[in-house]
Amino acid sequence: MSITPAKQLLQARLMVTFARVVECRSISAAALSLGVDKASVSRQLAELEDMLGVRLLHRSTRKLSLTDIGATVFDRALRVVEELAAAHAEAEHARGTPSGVLSVSTPVAFGTHHLLPYVGEFHRRCPQVTLELCLLDRQVDLQDEGFELLLRLCDHPPETLVASKLADIHYALVATPAFLSSQRPIEQVADLAEVNCLFYGYRKHTAQWRFSAAGAMQAVQVRSRVAVNNSDAVKALALQSLGLALLPLFAIADELQDGRLQRVLPELQAQGYLGRHLFAIYSPTRQPSPKLRSFLSFLREVWLPQQRWLNLDAAVVR
């Protein structure tokens with residue numbers, strides 16, 4: 001006759017108590033070992049015997065001894081204890097060793113230039129983690145789409161998720177020396193309305209650019225003869241001397257340092273369109289998985305110190 005799952009669970013618990021009594025050779029000693037009172041142990045033994053319909057122990061005032069069937073059940077009880085110990089050991093190992101599939105989503109240009117080059121280094125550090133990296137510029141639903149981590153550029157992350165800020169994102173207005181030499185000097189924000197301006201926004205040919213200085217905000221409506229939906233494309237157009245571009249510093253660090261692009265109105269702080277911060281965003285859980293913890297640690301301890309654009313931010317932002 002089969003027993004219900006609830007009774008199976010109860011029987012497993014009672015078998016653990018029974019095994020402990022036999023190993024301790026005393027109900028009192030077993031009770032002390034299990035952290036319960038003697039009456040509870042005696043009650044559990046009686047409950048197990050009732051459930052099985054057999055006597056498991058010969059009891060006397062001086063000692064306990066196993067019945068024949070009790071010896072057989074004790075062998076089974078030891079297997080239950082061993083399986084529980086193995087499960088606990090495996091769980092401890094899983095909590096401490098990063099392994100499994102980690103699905104991460106990042107914006108396209110950011111992920112391509114600033115995360116993909118470090119995947120090999122992460123794998124060398126965590127060889128049992130399989131990384132799934134999905135490059136998407138659109139808004140991603142973390143839970144519905146099955147991602148464990150989002151790296152996102154934004155001002156305010158969702159309040160229902162855990163968001164750990166990795167870095168601030170700064171922007172600059174830039175152009176090639178050739179383009180600047182072909183235009184009248186750009187000395188104030190209002191001058192931007194008279195030149196071709198390149199920005200992120202497919203099928204949008206106008207945009208409002210905003211700048212701040214000494215706590216004061218200035219805005220200007222700008223126009224573009226080319227519309228694109230990728231920051232790499234904006235940079236490519238700027239490098240063709242087709243106009244001024246408003247871009248995050250992480251996208252143009254190399255070009256600024258080698259002189260292919262120059263900053264325009266550097267005394268002003270440009271307000272970006274992608275967001276002011278880079279966040280690592282994940283679901284709220286009591287304890288993040290080892291693979292997620294290892295990747296977050298890698299980002300902070302290994303990846304961030306190698307990002308030259310962060311030093312560029314500190315050098316140019318006023």
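Residues numbered from 1 in each chain as written. Predicted model: local features only at pLDDT ≥ 70, side-chain atom pairs only at ≥ 80, totals over all residues. Heavy atoms only, no water.

**Section: the overall build of the protein chain**
So, step 1. Along the protein chain, the regular secondary structure elements total eleven helices and 14 strands.
So, step 2. Projecting the C-alpha coordinates of the protein chain onto the three principal axes gives extents of approximately 105 × 35 × 30 Å.
So, step 3. When burial is assessed residue by residue, the protein chain has 42% of its 318 residues classed as buried.
So, step 4. Carbon together with sulfur atoms contributes 51% to the accessible area of the protein chain, which is approximately 17600 Å² in total.
So, step 5. Computed over 34 positive and 31 negative side-chain charges, the separation of the two mean positions in the protein chain equals 4 Å. (Helix = DSSP H or I, 4+ residues; strand = E, 2+ residues; numbered from the N terminus. Buried < 20%, exposed > 50% of the residue type's maximum accessible area, 1.4 Å probe, protein only. Areas by Shrake-Rupley, 256 points an atom, 1.4 Å probe, with all protein chains shown as cover. Lys, Arg positive; Asp, Glu negative; His and termini not counted. Charge placed at Lys NZ, Arg CZ, Asp CG, Glu CD.)

**A closer look at the sheet that holds strand β4 (residues 129–135)**
So, step 1. With mixed pairing, five strands are arranged side by side in an open sheet as β4-β3-β5-β14-β6. The open sheet has two edge strands, β4 and β6 (162–168), and neither has a second partner. This sheet shows a mean twist of 20° between the axes of neighbouring strands, independent of strand direction.
So, step 2. Two elements, strand β5 (residues 149–154) and strand β14 (residues 277–282), share five bridges in a ladder whose sense is antiparallel. Of the residues in β14, the one forming a bridge with Leu-151 is Ala-280.
So, step 3. The strands touched by helix α10 (residues 290–303) are β3 (100–106), β4, β5, β6 and β14; relative to β3, the strand with the most contacts, the crossing angle is about 50°. (Pairing = 2+ DSSP bridges. Axes fitted to C-alpha atoms, helices over the stretch in contact; angles between N-to-C directions. Contact = heavy atoms within 4.5 Å.)

**Focus: the pattern of salt bridges**
So, step 1. Using the criterion set out here, one finds eleven salt bridges in the structure.
So, step 2. Across the pair Arg-59 and Glu-49 runs a salt bridge, and its minimum N-O distance is 3.5 Å. With a gap of ten residues between them, Arg-59 in strand β1 (residues 57–59) and Glu-49 in helix α3 (residues 38–52) connect regions that are remote in the sequence.
So, step 3. Overall, the relative accessible area of 11% leaves Glu-49 in the buried class.
So, step 4. A salt bridge links Arg-125 to Glu-121; the shortest N-O distance between them is 3.9 Å. Linking Arg-125 with Glu-121, this pair stays in helix α6 (residues 119–125), spanning four residues, or about one helical turn.
So, step 5. Taken together, the shared-partner salt bridges in this structure form one network comprising Lys-235, Glu-255, Asp-258 and Arg-260. (Salt bridge = Lys/Arg side-chain N within 4 Å of Asp/Glu carboxyl O.)

**Comments concerning the UniProt feature "domain: HTH lysR-type" (unreviewed entry) in the protein chain**
So, step 1. On the UniProt side, "domain: HTH lysR-type" (unreviewed entry) is annotated at positions that read residues 10–67 here.
So, step 2. In residues 10–67, helix accounts for 66% and strand for 10%; the two terminal C-alpha atoms are 22 Å from one another. (UniProt positions renumbered as here; feature names shortened; annotations may be inferred.)

**Some thoughts on the packing of aromatic side chains**
So, step 1. In the structure shown here, the tally under the stated rule is eleven aromatic pairs.
So, step 2. Note on Phe-18 and Phe-74: the rings are 6.4 Å apart at their centroids and 85° apart in plane angle, and the pair reads as edge-to-face. Of this pair, Phe-18 sits in helix α1 (residues 5–24) while Phe-74 sits in helix α4 (residues 68–96), and the two are 56 residues apart along the sequence. For the pair Phe-18 and Phe-74, one class covers both residues: buried.
So, step 3. A centroid spacing of 6.4 Å and a plane angle of 85° characterise the contact between Phe-199 and Trp-209, whose relative ring orientation is edge-to-face. You can see Phe-199 sitting in the loop between β8 (197–198) and β9 (206–213) and its partner Trp-209 sitting in strand β9, a full ten residues away along the chain.
So, step 4. Assessed through its relative accessible area of 4%, Phe-199 is described here as buried.
So, step 5. Taking relative accessible area as the criterion, Trp-209 reaches 3% and is therefore assigned buried.
So, step 6. An aromatic cluster is defined as three or more aromatic residues linked by ring pairs; in this entry it consists of Phe-110, Phe-250, Trp-303 and Trp-309. (Phe/Tyr/Trp six-rings, centres within 6.5 Å; stacked < 30°, edge-to-face > 60°.)

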